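Given next are the chains, with one letter for each unit.
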Amino acid sequence: MRIDIISVVPHLLESPFSHSILKRAIEKGLVEVVVHNLREYGLGKHRITDDYQFGGGAGMVMMIEPIDRCISKLKSERNYDEIIYMTPDGERFNQKMANQLSLKGNLIMLCGHYKGVDERVREHFITKEISIGDYVLSGGELAAAVVSDAIIRLLPGVLSDETSALTDSFQDNFLAPPVYTRPEDYNGWQVPEILLSGDHKKIDNWRFEQSLERTKIRRPDLLNHE
Ligand code: 6GU
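Each value, and the rule that gives it
- Residues numbered from 1 in each chain as written.
- Predicted model: local features only at pLDDT ≥ 70, side-chain atom pairs only at ≥ 80, totals over all residues.
- Heavy atoms only, no water.
- Helix = DSSP H or I, 4+ residues; strand = E, 2+ residues; numbered from the N terminus.
- Rg over C-alpha atoms; globule rule 2.2 N^0.38 Å.
- Areas by Shrake-Rupley, 256 points an atom, 1.4 Å probe, with all protein chains shown as cover.
- Lys, Arg positive; Asp, Glu negative; His and termini not counted.
- Charge placed at Lys NZ, Arg CZ, Asp CG, Glu CD.
- Patch = residues over 30% accessible without salt bridge, like charges linked within 9 Å, V, L, I, M, F, W, Y side chains within 5 Å.
- Salt bridge = Lys/Arg side-chain N within 4 Å of Asp/Glu carboxyl O.
- Core = buried A, V, L, I, M, F, W, Y, C linked by side-chain atoms within 4.5 Å.
- Buried < 20%, exposed > 50% of the residue type's maximum accessible area, 1.4 Å probe, protein only.
- Contact = heavy atoms within 4.5 Å.
- Near = heavy atom within 4 Å.
- Polar contact = N/O pair within 3.5 Å; in protein donor to acceptor, adjacent residues only side chain to side chain.
- Nonpolar A, V, L, I, M, F, W, Y, C, P; charged D, E, K, R; others polar.
- Domains from an automatic or database assignment.
- Pairing = 2+ DSSP bridges.
- Phe/Tyr/Trp six-rings, centres within 6.5 Å; stacked < 30°, edge-to-face > 60°.

Turning our eyes to something else, we now look at the overall build of the protein. Counting its secondary structure elements, the protein contains six helices and nine strands. In terms of C-alpha radius of gyration, the protein reaches 22 Å, well past the compact-globule figure of 17 Å for 226 residues. If one aligns the C-alpha atoms of the protein with their principal axes, the spans along those axes are about 70 × 40 × 35 Å. Here the protein has roughly 13600 Å² of accessible surface; of this, 50% comes from carbon and sulfur atoms. Within the protein, one finds 27 positive and 34 negative side-chain charges whose respective centroids are separated by 2 Å.

So, in structure tokens, the structure goes:
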């Protein structure tokens, strides 16, 4: 898989891909993440990428031409499965969408800023619009990092124990059960005895019950779902 991220603040996207699981996925060649500075496609001596909005009003709008130049260059080099615009008014991101996107080959993510992009970008270049939740971020970069993380950890070979993504919260519309590690007793606070029993059938049942209970209490909305 290859993810191309287009941004006016490319530095914001350095750290998320430079550590831990995502770093290793990239080093293993399981995914390629390329961040593009939209400024390099900006207009004139000052490489501008935004302008005042027609009709007046506060806030700048990202211009179509720099975005067209950047996307057109990428499209001339390979085919893309989706050209995604990261925006608070996009489709709400969830695990199902992460699963679907993890099956794709090449993705572009365009990070919105200011008042967003000229609507013609959305009409003519964008194939999918994603929001990560009902709140407004300063730009799409952190959202692109969130979506990329959720996708990349699903790619075969990224997680060491491949089954572990399957037992994540949300993967089957259940929240994950509680987990414990050593010591068995900390200040008198005990690990549930069943986890120390060595009876794996009983432990699986306990975990399932805990998942179900936790989901009923915390996220009942997940249970009335397909
Ligand atoms: Cl994708 N972008 C911005 N700027 N804010 C958001 C978002 C995206 N998703 C939720 N809030």
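Right, let's get into a nonpolar patch on the surface. Where nonpolar side chains cluster on the molecular surface, the patch consists of Leu12, Tyr135, Leu137 and Leu142 and spans about 360 Å² of accessible area. Turning to its location among the elements, Tyr135 is positioned in the loop between strand 7 (128-131) and helix 5 (141-152).

Right, let's get into the nonpolar core. Ile5, Met109 and Ile152 are the most contacted members of the largest nonpolar core, which has 30 residues in total. Within the residue set of this core, elements represented by two or more residues are strand 1 (2-7), helix 1 (20-27), strand 5 (82-92), helix 3 (95-101), strand 6 (106-111) and helix 5. Considering each element in turn, this core owes the most residues, seven residues, to helix 5. If sequence neighbours within four positions are ignored, Ile5 has contacts with Leu13, Phe17, Val33, Val34, Val35, His36, Met109, Cys111, Ala144 and Ser148. Membership of the second largest hydrophobic core comes to 18 residues, among which are Ile6, Leu38, Leu74 and Val117.

In the vicinity of the ligand, the contacting residues are Met86, Thr87, Pro88, Ile130, Ser131, Ile132, Gly133, Tyr135, Leu137, Gly139, Gly140 and Ala143. Between Tyr135 and the ligand, the recorded distance is 2.5 Å, taken from a backbone N or O atom to a nitrogen atom. In the complex, 97% of the free accessible area of the ligand, which totals 290 Å², lies under the protein chains. Considering each element in turn, the shell around the ligand owes the most residues, three residues, to strand 5. A per-class count over the shell around the ligand returns seven nonpolar, five polar and no charged.

For the protein, the assigned domains read domain 1 (2-152) and domain 2 (169-223). Inter-centroid distance (C-alpha atoms) of domain 1 to domain 2 is 37 Å.

Moving on: the pattern of salt bridges. On inspection of all chains with the given rule, the structure shows 14 salt bridges. Of the charged contacts in the structure, one is a salt bridge between Lys104 and Glu82, with a shortest N-O distance of 3.7 Å. A residue pair is termed long-range when its members are at least 10 positions apart, and Lys104 in the loop between helix 3 and strand 6 and Glu82 in strand 5 qualify at 22 residues. The class for Glu82 is buried, based on a relative accessible area of 14%. Several salt bridges share partner residues, and in doing so they unite Arg2, Asp4 and Glu32 into one network.

Pairing analysis gives six bridges linking strand 1 to strand 2 (residues 32-37), with the strands arranged parallel. Residue Ile5 lies in a different strand from strand 2, and its bridge partner there is Val35.

Taken as a whole and assessed by the stated rule, the structure comprises two aromatic pairs. Ring centres of Phe174 and Phe208 lie 5.7 Å apart, and the angle between their planes is 80°; this geometry places the pair in the edge-to-face category. Taken as a pair, Phe174 in the loop between helix 5 and strand 8 (185-186) and Phe208 in helix 6 (residues 200-218) lie far apart in primary sequence, 34 residues in all. Judged by centre distance (6.0 Å) and plane angle (50°), the rings of Tyr186 and Trp189 are tilted.

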